[in-house]
Amino acid sequence: MCGHVGFDSLPDQLVSRSIQQGFCFNILCVGETGIGKSTLINTLFNTNFEEHECSHFCPDVKLKAQTYELQESNVRLKLTIVNTMGFGDQINKEESYQPIVDYIDAQFEAYLQEELKIKRSLFSYHDSRIHVCLYFITPTGHSLKTLDLLTMKNLDSKVNIIPVIAKADTISRTELQKFKVKLMSELISNGIQIYQFPTDDETIAKISAAMNEHLPFAVVGSMDEVKVGNKMVKARQYPWGIVQVENENHCDFVKLREMLICTHMADLRERTHARHYELYRRCKLEEMGFTDVGPGNKPVSLQETYEAKRHEFHGERQRKEEEMKQMFVQRVKEKEAVLKEAERELQAKFEHLKRVHQDERIKLEEKRKALEEEIIAFSRKKATSEIFQNQSFVASGTSLKKEKDRKK
């Protein structure tokens, strides 16, 4: 080029546009109730976020998302914190991870549906996909719980996992180092992939490699300020001494904040979109029947795939309609046969009742005739009896009269 054109200002334009648009970052906090999730988030962003106390007696695991608008200098950040309430509190913990998996998939699905719309608004769309999962591990000093292994195993293909040992001031430094080695060994042996800080950028490759050696981070969170020397520092004060949150000799809080917020926040966002969301999107589209290549590994366009699926769906619909018609005809025939059989049974029953009724009528008629004959016979006997009674009365009266005349 012989002179200045001006496209070297493109990075400045992108920076200006990004600052104007603002950024979003979504953090998922997974850990048992009371392990210090809210305290650590408050300490990371140096803000007292609204807290919701959670009971240890939740019947199931629930996820609660809270979005906050933060600003540092002229950079605006829309921060969403998703907290798991009741995680690990149930007696049966077999399916405790499932609500978390469902929530992450629901955010991917919402973004996919927005992408598939005819009239999209991705520029103003509030991206709720989880960019990082801070997995809080109880500082037992022994090994990971089965629930932790199951949960991280089901999440590692869906979200960037950064394991942290919570309340690291409750175990000694020697126990903590052994615990870290034990945790990493268990994660590797179980095939759990946690987020590794990328080393492809030469400017931060050395520090990223060093930070990967410190995983999982042992952290302490506190918003309380304690005077140490001539300055006030965030710390936790105990009868035996003070644990300074931002003292790297006391815990890994500074390392976590540096890697999570200052150095690799953009990479976490890009990795979520380029890896985890793309994996979900590909699996979802493959379930719907979309492919990139057809028979013979020939490229297939979306239009061709759509037409093929449309033709397949049309044929499938016609086949099902024909099956339903045949099934309907068959059921009608079966119903008609049943109704005819019922009709024959009713007719036979009617004929039987008719015959029984006729027989009863004949019997009743015979009994009526016999009763009438008995009545006639009885009437005759009664008349004869009355005649005999009258004759006897007349005869007895004549005899009495003659007897009286003789006595005179």
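Look above for the structure.
Keep in mind the model is a prediction, meaning the values are calculated, not measured.

Asker: Describe the overall build of the chain, and please don't skip the residues or the numbers.
Answerer: Counting its regular elements, the chain contains nine helices and nine strands. Dimensions of the chain, computed from C-alpha atoms along their principal axes, come out at roughly 180 × 70 × 45 Å. When contacts within the chain are restricted to residue pairs at least 6 apart in sequence, those whose partners lie at least 24 apart make up 67%. Split by element, the accessible area of the chain, about 27,600 Å² in all, is 54% carbon and sulfur. Each charge sign in the chain was given a centre, from 61 positive and 62 negative side chains, and these centres are 12 Å apart.

Asker: If you had to explain unusual backbone geometry to someone new, which residues and values would you point to?
Answerer: Pro216 follows Leu215 through a cis peptide bond whose omega is -10 degrees. Checked against the element boundaries, Pro216 lands in the loop between α6 (205–213) and β6 (217–218). The phi dihedral of Asn46 is positive, around 50 degrees, even though this residue is not glycine. Assignment of secondary structure puts Asn46 in the loop between α2 (37–44) and β2 (62–72). For Ser73, which is not a glycine, the phi torsion comes out positive at approximately 60 degrees. Summarising the element assignment, Ser73 is placed in the loop between β2 and β3 (75–85). For Ser73, a relative accessible area of 70% gives the class exposed.

Asker: So, the sheet that holds strand β1 (residues 23–30): which residues are in play, and what are the values?
Answerer: Pairing is mixed across the open sheet formed by six strands, whose spatial order is β2-β3-β1-β4-β5-β6. In this open sheet, the two strands that pair with only one neighbour each are β2 and β6. Bridging between strand β4 (residues 132–137) and strand β5 (residues 161–165) involves five bridges; their strand directions are parallel. Its bridge partner being in β5, Cys133 is matched across the sheet by Ile161. Contacts from helix α4 (residues 146–155) reach β1, β4 and β5 within the one sheet, and its direction differs from that of β4 by about 170 degrees.

Asker: Account for the nonpolar core, with residues named and values stated.
Answerer: It is characteristic of soluble globular proteins that their nonpolar side chains tend to be buried jointly. Within the largest apolar cluster, 74 residues are counted, with the highest numbers of intra-cluster contacts made by Ile162, Phe217 and Leu256. If one sorts the elements of this core by residue count, helix α3 (residues 98–116) sits on top with seven residues. In contact with Ile162, not counting residues within four places along its chain, are Val132, Cys133, Leu134, Tyr135, Tyr195, Phe197, Leu215, Phe217, Leu256 and Leu260.

Asker: Which residues make up the sheet that holds strand β7 (residues 225–228), and what values do they have?
Answerer: Strands sit in the order β7-β8-β9 across an open sheet of three strands; the sheet is antiparallel. On the outer flanks of this sheet lie β7 and β9 (241–244), each paired with one strand and no other. Here the average twist between neighbouring strands, direction ignored, is 65 degrees. Pairing of β7 with strand β8 (residues 231–238), which is carried by four bridges, proceeds in the antiparallel orientation. Residue pairing across strands places Val228 opposite Lys231, the latter belonging to β8.

Asker: Quick one: what's the story with the pattern of salt bridges, residue by residue and with numbers?
Answerer: Counted according to the given criterion, the structure contains 19 salt bridges. Measuring nitrogen to oxygen at the nearest pair gives 2.6 Å for the salt bridge that ties Asp252 to Lys180. Of this pair, Asp252 sits in the loop between β9 and α7 (253–263) while Lys180 sits in helix α5 (residues 173–189); the two residues are 72 residues apart in sequence, bridging distant segments of the chain. For the pair Asp252 and Lys180, a shared accessibility class is recorded, and that class is buried. For Arg317, the salt bridge identified is with Glu321, shortest N-O distance 4.0 Å. Highlighted residues: Arg317 and Glu321, both in helix α9 (residues 302–407), separated by four residues, approximately one helical turn. For Arg317, a relative accessible area of 41% corresponds to the partly exposed category. Here Glu321 falls in the partly exposed class, since its relative accessible area comes to 37%.

Asker: Pulling in residues and values, what's your account of the pairing of β2?
Answerer: The two faces of the sheet receive side chains in turn, since in a regular strand these alternate between them. Bridge analysis of β2 against β3 gives 11 bridges, and the strand direction is antiparallel. Bridging from a neighbouring strand, Lys64 pairs with Asn83 of β3. Remark: two residues form the turn of the hairpin made by β2 and β3, two consecutive strands paired antiparallel; Ser73 in that turn has positive phi of roughly 60 degrees.

Asker: Explain the pairing of β1 to me, using residue names and the numbers behind them.
Answerer: Counting buried positions along β1 gives seven out of eight residues, so the element sits mostly inside the fold. One ladder, built from seven bridges, connects β1 with β3; its direction is parallel. Bridge pairing in β3 links Leu28 to Val82. As paired elements, β1 and β4 share four bridges and run parallel to each other. Residue pairing in the sheet places Cys29 in a bridge with Leu134 of β4.

Conventions used here
Residues numbered from 1 in each chain as written. Predicted model: local features only at pLDDT ≥ 70, side-chain atom pairs only at ≥ 80, totals over all residues. Heavy atoms only, no water. Helix = DSSP H or I, 4+ residues; strand = E, 2+ residues; numbered from the N terminus. Contact = heavy atoms within 4.5 Å. Areas by Shrake-Rupley, 256 points an atom, 1.4 Å probe, with all protein chains shown as cover. Lys, Arg positive; Asp, Glu negative; His and termini not counted. Charge placed at Lys NZ, Arg CZ, Asp CG, Glu CD. Buried < 20%, exposed > 50% of the residue type's maximum accessible area, 1.4 Å probe, protein only. Pairing = 2+ DSSP bridges. Axes fitted to C-alpha atoms, helices over the stretch in contact; angles between N-to-C directions. Core = buried A, V, L, I, M, F, W, Y, C linked by side-chain atoms within 4.5 Å. Salt bridge = Lys/Arg side-chain N within 4 Å of Asp/Glu carboxyl O.

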